[in-house]
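Observations on the model geometry
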Amino acid sequence: MAVEPELILYIAAMLTVAEVFGWAFARINQPVVLGQIVGGILLGLMMPPTEEVKDISMIGVLLLLFMAGLESSVEELREAGKVGVSVAGVGVLVAFLMGFGIAYPFKGFQEALLYGALTTPTSVSLTVRVLMELDALKTVEGNTILTAAIVDDILGIIVLTIVISSLGSGGVSILSVSLILLLVGVFLAVMVYAVPPLMDYFLRRVVRLGFADSTVTLSMAALFAFAYLAEHMNLASILGSYLFGLALSETEFRKPIFDHTRVIAHSLFVPLFFVDVGMNIPLRGLSSAGVFALLFSLVAILSKVIGCSLGALLGGLGRRASLRIGVGMIPRMGVELAMLAIALKEGIVGSDAYLIVVTMIFLSTLVTPTLLKAAFMGGWSQHF
């Protein structure tokens, strides 16, 4: 069957928009993905989104989480230490509770659970860039932020997986949550302990047979297989993607697979995903979602500052260092939208959720550099 000409035109237009707007936002020191989303919003006014494009762009979701797993490692998780675990754990708990609390009066119990879960992940790439500018990446605060982010990634994805799986299966109950927790535990144990040596052995054999280039292709095949397996265990497909990436991070093939995947993902599927997000944002719902979007964004920002600062204090750090860590854990990027795409396909929320989450991402990335510089350059030292 021939490919529809309209689909080819859509992909060409979306990739062009992603590149142009991504470049423009990078020039003004804003995240590239925000530019891609804004470009998608404008493109959506001329070309309405289609289901075919959405299905293709969902591959970007899986690749995005796969690369996040490859950038982590089991050894780093073991070495995260008391403070990193405390910052991530308390931060995720406080963010979930505050996100749920602000969403409940507006959205009801079930959607509020999802919004609470959407506040939990942190993306510290922006924080790392600012800390490098301040020459503070190797400080106690910088190291703690980096280790906490690793734990935070896994906790945030697990929380989102539990919520989406529970709501997708028809409701939340102690039995359903317990079953999902058990499945997550088994899946996590298998991916961390059994899959790495098996994949390492298998890929080594492939190289010895003279098919070194096939390691990436076979890894992609395994990625989609594990994502499928997770989905059919009533878990989120991106949990399978992330954990498979984490498993491969324990093999000697981590770097070449990441490098090749990054080219494939960021040149095609990930830009398509973020532009598609923009195309699906309903601008007509701006007035109704506006107040809640702003309130939700404010609470999402405060929840990480409060929760992660408290976690650092409980981990034994001082008040000033704890505040710096809390501010450094503010940014959100990517994971929330990936999980939201899954929730939309399950029919758990409406498309106005895109607008709300994009507002949160935009505001959190906007305030972080200023607050972080003030925290590290002594602007708040008289109070702490």
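Refer to the structure presented above.
Computed from a prediction, not measured in an experiment: that's the story for all the values here. (Residues numbered from 1 in each chain as written. Predicted model: local features only at pLDDT ≥ 70, side-chain atom pairs only at ≥ 80, totals over all residues. Heavy atoms only, no water.)

1. So, the overall build of the chain
Helix and strand content of the chain: 16 helices and zero strands. For the chain, whose C-alpha radius of gyration is 20 Å, the value lies close to the compact-globule estimate of 21 Å for 384 residues. Reported as C-alpha extents along the three principal axes, the dimensions of the chain are approximately 65 × 50 × 50 Å. In the chain, buried positions account for 55% of the 384 residues. Within the chain, contacts between residues at least 6 apart in sequence are counted, and of these 82% link residues at least 24 apart. Carbon and sulfur atoms provide 67% of the accessible area of the chain, an area that totals close to 16,900 Å². (Helix = DSSP H or I, 4+ residues; strand = E, 2+ residues; numbered from the N terminus. Rg over C-alpha atoms; globule rule 2.2 N^0.38 Å. Buried < 20%, exposed > 50% of the residue type's maximum accessible area, 1.4 Å probe, protein only. Contact = heavy atoms within 4.5 Å. Areas by Shrake-Rupley, 256 points an atom, 1.4 Å probe, with all protein chains shown as cover.)

2. Remarks on the nonpolar core
Grouped burial of nonpolar side chains is what soluble globular proteins tend to show. Counting residues in each nonpolar core, the largest one holds 91 residues, and the members touching the most others are Leu114, Phe244 and Leu337. With 10 residues, helix α3 (residues 51-71) is the largest single contributor of residues to this core. Apart from the residues lying within four places of it in its own chain, the contact partners of Phe244 are Phe66, Met191, Val195, Met199, Ser219, Ala222, Leu223 and Phe226. Counting residues in hydrophobic clusters, the runner-up holds 26 residues, among them Val130, Ala312, Ala321 and Leu323. (Core = buried A, V, L, I, M, F, W, Y, C linked by side-chain atoms within 4.5 Å.)

3. Some thoughts on the side chain of Ser322
Inspection of the secondary structure assignment puts Ser322 in helix α14 (residues 319-328). Beyond its immediate stretch of four places on either side in the chain, Ser322 contacts Ser309, Ala312, Leu313 and Leu317.

4. A look at helix α5 (residues 81-107)
The end-to-end C-alpha distance of α5, which contains 27 residues, comes to 37 Å, matching closely the 39 Å that a straight helix rising 1.5 Å per residue would cover. Looking at the residues trailing α5, positive phi occurs at Gly108, about 85 degrees. (Expected span 1.5 Å × (residues − 1).)

5. Here we look at a nonpolar patch on the surface
Together, Val38, Leu42, Leu45 and Met46 make up an exposed nonpolar region whose accessible area comes to about 400 Å². Its location among the elements puts Val38 in helix α2 (residues 32-46). With a relative accessible area of 31%, Val38 lands in the partly exposed category. (Patch = residues over 30% accessible without salt bridge, like charges linked within 9 Å, V, L, I, M, F, W, Y side chains within 5 Å. Salt bridge = Lys/Arg side-chain N within 4 Å of Asp/Glu carboxyl O.)

6. Side note on the packing of aromatic side chains
A complete count under the given rule lists nine aromatic pairs for this structure. A centroid spacing of 5.3 Å and a plane angle of 75 degrees characterise the contact between Tyr115 and Phe296, whose relative ring orientation is edge-to-face. Taken together, the positions of Tyr115 in helix α6 (residues 109-118) and Phe296 in helix α13 (residues 286-314) put the pair 181 residues apart, joining distant regions of the chain. Phe296 carries the same exposure label as Tyr115, and that label is buried. Through successive ring pairs, a cluster of aromatic residues spans Phe106, Tyr115, Phe292 and Phe296. When the ring centre of Phe376 is taken as origin, the NZ or CZ atom of Arg324, which lies over that ring, is 4.8 Å away. (Phe/Tyr/Trp six-rings, centres within 6.5 Å; stacked < 30°, edge-to-face > 60°. Lys NZ or Arg CZ within 6 Å of the ring centre and 35° of its normal.)

7. Focus: the pattern of salt bridges
Tallied over the full model, the rule gives seven salt bridges. Across the pair Arg204 and Asp200 runs a salt bridge, and its minimum N-O distance is 2.9 Å. With Arg204 and Asp200 both in helix α9 (residues 174-208), this residue pair falls four residues apart, about one helical turn. Overall, Arg204 belongs to the partly exposed group, its relative accessible area being 34%. Since its relative accessible area comes to 17%, Asp200 is described here as buried.

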